[in-house]
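Notes for the structure review
Each chain, written out:
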Amino acid sequence: MAEDLAVVQVVVEEQPEVGDYLMNRIKKYLVPCFTLIWLLTLQNEIHAQVQIPAAPANEGHGDFLQDYAGIINPNAPELKAIGKAQQIAFEQHDTPIVVVVITRMASFGYQGDEIAPFAADWFNKWDIGTLGVNGKNRGILLLISIGDRKARIELGRDWARRFDHHCQQIMDKAIIPNFKAGNFTKGIHDGVQHLELMAIAGPIGQVKAFSKRKSNLIIKNKLLGNLPFPLWVTAILIVLAIIAIVYAVQMSDGFVKKACILLGIALGLLAIYPPGIIILGIAVLASFLPSGGGGGGSNYSFGSSSSYSSSSYSSGGSSYSGGGYSGGSSGGGGASGSW
């Protein structure tokens, strides 16, 4: 009997206290649950504070380019091409390509750092797509935040994340390089052109991959821009220009010397800047004209003193307007970029 009591006493002593047991259970199960609930509540609060403007559409019909930052010149030549690409994508392939430019995300109450959730909210608020018309959810949103230096391509659910990699290439090779150079209109133009090709292929189609640059065709030069000819043609013209100049230097004064100098200059201009030949020709002709004296000459200025300011510009009639706000939800993937 004494032995049985001793065994019971040992067993009781080995049992953990009730308080310790409950604390272990709380740490293991309840703390993670409360943490998850808190994170979800915080996320909902962040999204609840976001105030995205109403879709710029009447019964689903509205402009596909909205510039809330005022960075796009409404007279920019690229706008016509942007509008044409948007028209083809929507009217022929049921894919509205909507471009939105904003100053910064915080201006709309968004407190996050990543642009992807904000773009998804914007996409859904504006119902980008034609789901309510023909059941297709192929909308594309290009959202650009100038102050945050971030951009996002957000896709409708029909794209099913199949084009994430391609969208990242569009962002990295067509859009961001132009934005880094400060040319936002060209970046939007190049991005929309590639998104149009994606719209033509459709969610189950194939898009031609970006090709690598061929350095033997055209040289990029910050001072001269794009050279007009392939590298080998440019090299030949420059060599001939140098030969003509060297030959002229070795000759005595005369018509042939002047002709060789003009030929060398003309070949150099042709290699680098062909329109300069016209200026050279005008200068040569002017040298044969008698110089006028007295008589009230006039000064010509070919510069432009006009400055562009468009803080309230919102596409106006420059971009394409269509019925692309007719039901759509994000969830098809996309790509983000920063500069």
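Residues numbered from 1 in each chain as written. Predicted model: local features only at pLDDT ≥ 70, side-chain atom pairs only at ≥ 80, totals over all residues. Heavy atoms only, no water.

Comments concerning the side chain of Asp67
For the record, the criterion: We count a stretch as a helix when DSSP gives it H or I for four or more residues in a row; a strand needs E for two or more, and each element gets its number in order from the N terminus. For the purposes of these results, a polar contact is taken to be a pair of N or O atoms within 3.5 Å, where, inside protein, one atom must be able to donate a hydrogen and its partner to accept one; residues adjacent in sequence count only when each atom of the pair is a side-chain atom.
When you line up the elements, Asp67 lands in strand E3 (residues 65-67). A polar side-chain atom of Asp67 sits 3.1 Å from the main-chain amide nitrogen of Ala69. There is a polar contact of 2.9 Å between the side chain of Asp67 and the backbone nitrogen of Ile72.

Looking at the side chain of Ser330
Note the cut-off: Relative accessible area decides the class of each residue, using a 1.4 Å probe on protein chains only: under 20% of the type maximum gives buried, over 50% gives exposed, and in between gives partly exposed. Whether two residues touch is decided by their heavy atoms; if any such pair falls within 4.5 Å, the residues are in contact.
For Ser330, the location among the structural elements is in strand E10 (residues 330-338). Overall, Ser330 belongs to the buried group, its relative accessible area being 8%. Look past the residues within four positions of Ser330 in its chain and what remains in contact with it is Ala120, Phe123, Asn124, Glu154, Leu155, Gly156 and Arg157.

What about the packing of aromatic side chains?
To keep things clear, this is the line we draw: Side-chain rings of Phe, Tyr and Trp (the six-membered ring for Trp) are treated as a pair once their centres are within 6.5 Å; stacked means planes under 30 degrees apart, edge-to-face means over 60, and tilted covers the remaining angles.
This model, assessed by the stated rule, comprises 16 aromatic pairs. Between Phe108 and Phe118, the aromatic rings sit 6.3 Å apart at their centres with planes inclined by 45°, giving tilted as the arrangement. One end of the pair, Phe108, is in the loop between strand E4 (97-102) and helix H4 (115-126); the other, Phe118, is in helix H4, and ten residues separate them in sequence. Taken as a pair, Phe108 and Phe118 share a single burial class, namely buried. Between Trp126 and Tyr325, the aromatic rings sit 5.8 Å apart at their centres with planes inclined by 70°, giving edge-to-face as the arrangement. Here Tyr325 lies in the loop between strand E9 (321-322) and E10 and Trp126 lies in helix H4, a separation of 199 residues in the sequence. Comparing Trp126 with Tyr325, the two get one shared label, buried.

Observations concerning the sheet that holds strand E1 (residues 57-58)
Filter applied, for reference: Pairing between two strands requires that DSSP report at least two bridges joining them.
Sheet architecture is open: three strands sit in the order E1-E2-E9, paired in antiparallel fashion. Bordering the open sheet on either side are E1 and E9, each of which pairs with just one other strand.

Concerning the packing of helix H8 (residues 231-249) against helix H9 (residues 255-272)
Cut-off, in case you're wondering: Fitted lines through C-alpha atoms serve as axes, helices being fitted only where they are in contact, and the angles separating the N-to-C directions of these axes extend from 0 to 180 degrees. Roughly parallel means an angle under 35 degrees; roughly antiparallel, over 145; roughly perpendicular, 65 to 115; everything else is oblique. Left-handed describes a crossing whose near helix is turned anticlockwise from the far helix through less than a right angle; right-handed describes the clockwise counterpart.
Two elements in contact, H8 and H9, have axes separated by 8 Å at closest approach and are oriented at 160°. The orientation of H8 with respect to H9, classified from their angle, is roughly antiparallel. Handedness of the crossing formed by H8 with H9: left-handed. Taken together, the residues of H9 that come into contact with H8 (itself represented by Thr234, Leu237, Ile238, Leu240, Ala241, Ala244, Ile245, Tyr247, Ala248 and Val249) are Lys257, Cys260, Ile261, Leu263, Gly264, Ile265, Leu267, Gly268, Leu270 and Ala271.

What about the environment of Gly327?
Along the chain, Gly327 falls in the loop between E9 and E10. For Gly327, a relative accessible area of 18% translates into the label buried. Counting along the chain gives 202 residues from Gly327 to Lys125, while the straight-line C-alpha distance between them is 9.7 Å. Leave out the neighbours within four places in its chain, and Gly327 touches Asp127, Ile128, Gly129, Thr130, Leu131, Gly132 and Lys136.

Some details on the packing of helix H3 (residues 78-93) against helix H7 (residues 184-201)
Relative orientation and spacing of two packed helices are given, respectively, by the angle between their axes and the distance between those axes. Where H3 meets H7, the closest approach of the two axes is 9 Å, and the angle between their N-to-C directions is 20°. As far as their axial angle goes, H7 and H3 are roughly parallel. As for how H3 packs across H7, the hand of that crossing is left-handed. Contacts from Glu78, Ala81, Ile82, Ala85, Gln86, Ile88, Ala89 and His93 in H3 reach Thr185, Lys186, Ile188, His189, Val192, Gln193, Glu196, Ala199 and Ile200 in H7.

Here we look at the confidence of the model for the protein
Put simply, the rule is: Across the chain, each position has a pLDDT score giving the predictor's confidence in that residue, from 0 to 100.
Mean pLDDT over the protein stands at 79; residues scoring 70 or higher make up 70%. Taken as a whole, residues 212-225 scores under 50 in pLDDT and shows 15 contacts with residues more than four places along the chain or in a different chain. Every residue in residues 291-317 is under pLDDT 50, and counting partners more than four places away or in other chains gives 24 contacts.

Side note on the nonpolar core
The criterion, for reference: Residue types Ala, Val, Leu, Ile, Met, Phe, Trp, Tyr and Cys, when buried and joined through side-chain atoms within 4.5 Å, form a set referred to as a nonpolar core.
The biggest cluster of nonpolar side chains holds 34 residues, and the ones touching the most others in it are Ile144, Ile153, Phe179 and Ile188. Secondary structure elements with two or more residues in this core: H3, E4, strand E5 (140-145), strand E6 (150-156), helix H6 (164-180) and H7. At seven residues, H6 tops the list of elements feeding residues into this core. Sequence-distant contacts of Ile153, defined by excluding residues within four places in its chain, comprise Ile140, Leu141, Leu142, Cys167, Ile170, Met171, Ile175, Leu195, Gly333, Gly334 and Ala335. If you look at the next biggest cluster of nonpolar residues, it comprises 21 residues, including Val50, Ile52, Val98 and Phe123.

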